[in-house]
Amino acid sequence: MTRKEIIGIIIAVLLIAAGGSYPLYSDLLRGGDADFGVDFPSVEAPSGNPGFELDATDLPPNNTMMVYKVEKPVVTTDSVREIGRRLGFEGGAGYIDRETKIAMLDEGAEEVRQLSVWINSGAVEYAIVYPDKLYPPEPPNLPSEEEARQIAIDFLAQSGLLPADARVGGSYEAEVVTGGTYAIEEEVPEEVLEGGGEIRPEVVEEYVTHLLVRFHRQIDGFPVTGSGNKFGVRIGDEGEVITILKVWREVTPYNEVVINTPEQAYKELKSGAGSYYAPLDCEKVVVEQVYLAYWMEPLDEHQEYVVPVYEFKGKCLDKDGEYLEDFTGWCEAVK
Amino acid sequence: MSRKPFSIHLIRVVLVVSILAATGLLGTSTVYADDGDESVGAAGLGDYNGDGDYKDSGDLDYAVESAEGFYDYLRLYSCFECSDSFFKRDNYARESHFKRDDYGGLDYMYADDVDICWFQGHSSKLYTPHHALSFIYYEEPDKEDKYLECSEAKWGDWDLEWMFIHSCKILSDYNRPYWAWARNGIHLICGAKTLMQDRNDGGNVADYLVDDYGLFDWAHTVKWSWFHGCDLHQSSAVTLCVIGETHECGDDYIWCEGTVCDDPQRDSTYNVWTYYCI
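In short, a report on the structure. (Residues numbered from 1 in each chain as written. Chains lettered and ligands numbered in written order. Predicted model: local features only at pLDDT ≥ 70, side-chain atom pairs only at ≥ 80, totals over all residues. Heavy atoms only, no water.)

Our focus in this paragraph is the pattern of salt bridges. Summed over all chains, the structure comprises 31 salt bridges over all chains. The partner of Lys 99 of chain B in a salt bridge is Glu 152 of chain B, and the shortest N-O contact between them spans 3.7 Å. Of this pair, Lys 99 of chain B sits in the loop between strand E2 (86-89) and strand E3 (116-120) while Glu 152 of chain B sits in the loop between strand E6 (147-148) and strand E7 (162-166), and the two are 53 residues apart along the sequence. Accessibility expressed as a relative area gives 9% for Glu 152 of chain B, which makes it buried. Because the salt bridges share partners, they merge into one network encompassing Glu 185 and Arg 200 of chain A together with Asp 173, Arg 176 and Lys 193 of chain B. (Salt bridge = Lys/Arg side-chain N within 4 Å of Asp/Glu carboxyl O. Helix = DSSP H or I, 4+ residues; strand = E, 2+ residues; numbered from the N terminus. Buried < 20%, exposed > 50% of the residue type's maximum accessible area, 1.4 Å probe, protein only.)

In structure tokens, the structure reads:
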């Protein structure tokens, strides 16, 4: 082999190596060919076109963020039966609802329970579907908030539904709120029906029917948001667990990507590139918090990547500067 | 629980009609009876972009698909097969289809001529005192416009038992006392106290309503189906709401799937169930 041929081969190898490594570098910067787009929801009311004021401190300093790949869930009749076994279900499992879920049914004389697992996400729903214990005909004896939280954690742990990474900082990020209410109301007189004004209903009777324990997921210290951010336990009379809905896609680190600055994202939000809703009488939005979060798609959709987004929280003010309602907006973070 | 076979349902309808005939109630403007033909109606409005009132708000990408999903599912997997059924989208969905007949509306041919009905689209109080259902197009200005106000709805005097309104704030604390006046024999009106997101919820609600595979599936009540079917996609900021004439109506299943309360007589009070999404 001549000297020229050797030099030629070395140059060729170097060129091939450089060409091969470019996409990796490009991946780091832009996310490669993967689709990291986010389908933000619209709201079913016409939105106003308010002015914006940024009143947030501690803007995220991150230049890059990890994109996570969703592990394909393995949902089979056997895997569903295994979940069912831990919840006291017996017998077989089978496809329901256009073959989007695999379910088990436990039909007792006094009570019917159902377990469903979504094929696309592995999301689990457990429920006492009969009788309707979420809305009992008499006021229920509900546990305290702390008791409800512990009941939910214990039930999930016993049934194997409490994810290991639900534990944050030595405790569970769980919020206890009212889950449902029942009331009897008196209607407004007919003569005021066609007029304007804001009349609140006259309540004859009202009670809380069940509590809701919401678990808040974090990924690498960042909150999860979006329609697929759902993990809740509904608790009724005498502390009975009535329903569980758990969307918890398993994820693994995929790629570090460069993201927009919060200032760029805020600019995009104002220009309409992101997604927000403000009522028509909202003159000004005051953005009080800007933070990075991970977007989770609804439980019946196949999701390949979990990507970071900017979430904006604040308040809508009317023309007199009076508070109207809370504000939430989103904007894509990946460049 | 006992599930009601179709034959029993037919017998019940005949009995109700007979009793109404015997008591002279038939032929008056208030006829609280099911017509025995199970039918479904649905309207999805998404193409608001060309509309002057909404052009800044953008379209609703899922409204039509969602309404159609609800309609198709009930037609395919339940007994709601009657030819009275209708599905209307965008410009073809009109305010008059939901409007009471004594106000020039055609609800007796559409929304109130079916047993179960789904509306999905914008609502606003852009030009009305309270939130109104917003339509895109109208042809006969003496009979219709683009906003169905609460005073223009009177449901249940013909056939309608269950109305789903997938739209913002129709049953908010300020709107609910007014929209409660739309009750006229209807069993349940399902809506939201808060904003609702434009999501493809129609098929999910129908999934819960119908026991389509038997062995592992279960038909859920109308109230349960609305709450849980929407909760799959709606955010934790959304509070759903159902109002009904009686407490018993809150336990309704749809026809052929379980028990249905007797058609209720309207009175000055109504029942309210709220549900906070996860």
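The biggest cluster of nonpolar side chains holds 86 residues, and the ones touching the most others in it are Phe 164 and Trp 226 of chain B. Not counting residues up to four positions away in its chain, the partners in contact with Trp 226 of chain B are Trp 118, Phe 164, Ile 165, His 166, Cys 190, Gly 191, Met 196, Val 205, Leu 240, Cys 241 and Val 242 of chain B. (Core = buried A, V, L, I, M, F, W, Y, C linked by side-chain atoms within 4.5 Å. Contact = heavy atoms within 4.5 Å.)

With that out of the way, let us pick up the side chain of Gln 234 of chain B. By the element assignment, Gln 234 of chain B lies in the loop between helix H5 (222-231) and strand E9 (239-244). Ignoring any residue separated from it by four or fewer positions in sequence, one finds Gln 234 of chain B in contact with Lys 230 of chain A together with His 166, Met 196, Gln 197, Arg 199, Asp 201 and Cys 277 of chain B.

Attention now goes to the sheet that holds E6 of chain B. All names here are of chain B. One open sheet holds the three strands; their spatial order is E4-E5-E6, and the pairing between them is antiparallel. Both outer strands of the open sheet, strand E4 (123-124) and E6, are each paired with one neighbouring strand and no more. Direction of pairing for strand E5 (residues 132-134) relative to E6: antiparallel, over a ladder of two bridges. Paired with Leu 133 across the bridge in E6 is Leu 148. (Pairing = 2+ DSSP bridges.)

Turning our attention to the sheet that holds strand E15 (residues 251-258) of chain A. The strands that make up a sheet pair up through hydrogen bonds in the backbone, lying either parallel or antiparallel. Residues and elements named next belong to chain A. If you trace the three strands from one edge of the open sheet to the other, you get E15-E2-E18, paired in antiparallel fashion. Both edges of this open sheet fall to E15 and strand E18 (305-306), since each of them pairs with a single strand only. Examined bridge by bridge, strand E2 (residues 64-70) and E15 share seven bridges and lie antiparallel to one another. Considered in E15, the bridge of Val 70 is made with Val 251.

All names here are of chain B. Position of Ala 182 relative to the elements: it lies in the loop between helix H3 (176-179) and strand E8 (188-192). On the basis of relative accessibility, which here comes to 0%, the residue Ala 182 falls in the buried class. As a C-alpha pair, Ala 182 and Gly 229 span 47 residues in sequence and 24 Å in three-dimensional space. Dropping the residues within four chain positions of it, Ala 182 is found in contact with Ala 153, Lys 154, Trp 155 and Ile 189.

The values are spatial; any link to function lies outside them.
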